[in-house]
Amino acid sequence: MKTLICQSCGWPFTTATAGTNRDKSENLDYCRDCYQVGAFTDKSLNLHELEVKLLEMAEVHEDISLEEAQQLIKKLPELKRWRMDHI
Ligand SMILES: [Zn+2]
């Protein structure tokens, strides 16, 4: 199965956990957690909140190290959802 990178949260996902478009087809830009039926699940989320969220996840989940979370955070501004914020 192809591994994709969510263009919102930066987390890897597969077609099995892909987001969905309005017509229920797969959206391969975003994961299911971030994007469902053509809209972001958390529309008001901003980049700073996402950074905080990822750091919290690293604290809670043993399989995510703090370094991993920090690496991910560095890449977030390159993702499709956040790119606009930095122009
Ligand atoms: Zn996502």
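Described in the following lines is the structure provided in the data block. Here the structure is a predicted model, which means the values were calculated and not measured.

### Details of the pattern of salt bridges
Next, step 1: Throughout the structure, instances matching the rule amount to one salt bridge.
Next, step 2: Note that Lys-80 and Asp-29 form a salt bridge whose closest N and O atoms lie 2.6 Å from each other. Of the two residues, Lys-80 sits in helix α3 (residues 80–83) while Asp-29 sits in strand β4 (residues 26–31), which places them 51 residues apart along the sequence.
Next, step 3: A residue is classified by how much of its surface remains accessible, and Lys-80, at 40% relative accessible area, is partly exposed.

### Details of the nonpolar core
Next, step 1: Residues Cys-6, Leu-50 and Leu-76 are the most contacted members of the largest nonpolar core, which totals 18 residues.
Next, step 2: Elements supplying a minimum of two residues to this core: β4, α1 (47–60) and α2 (66–75).
Next, step 3: Looking at this core element by element, the count peaks at three residues for α1.
Next, step 4: If sequence neighbours within four positions are ignored, Leu-76 has contacts with Ser-8, Cys-9, Gly-10, Leu-47, Leu-50, Glu-51, Leu-54 and Trp-82.

### Regarding the packing of α1 against α2
Next, step 1: Following both chains from N to C, one finds α1 and α2 inclined at 160 degrees, their axes separated by 8 Å at the closest point. Put simply, α1 runs roughly antiparallel to α2. Pair α1 / α2 crosses with right-handed handedness. For the pair α1 and α2, the contacting residues are Glu-51, Leu-54, Leu-55 and Ala-58 in the first and Leu-66, Ala-69, Gln-70, Leu-72 and Ile-73 in the second.
Next, step 2: Split by residue class, the contact of α1 with α2 holds seven nonpolar, one polar and one charged.

About the cut-offs
- Residues numbered from 1 in each chain as written.
- Predicted model: local features only at pLDDT ≥ 70, side-chain atom pairs only at ≥ 80, totals over all residues.
- Heavy atoms only, no water.
- Salt bridge = Lys/Arg side-chain N within 4 Å of Asp/Glu carboxyl O.
- Helix = DSSP H or I, 4+ residues; strand = E, 2+ residues; numbered from the N terminus.
- Buried < 20%, exposed > 50% of the residue type's maximum accessible area, 1.4 Å probe, protein only.
- Core = buried A, V, L, I, M, F, W, Y, C linked by side-chain atoms within 4.5 Å.
- Contact = heavy atoms within 4.5 Å.
- Axes fitted to C-alpha atoms, helices over the stretch in contact; angles between N-to-C directions.
- Parallel < 35°, antiparallel > 145°, perpendicular 65-115°, else oblique.
- Left-handed = near helix turned anticlockwise from the far one by under 90°.
- Nonpolar A, V, L, I, M, F, W, Y, C, P; charged D, E, K, R; others polar.

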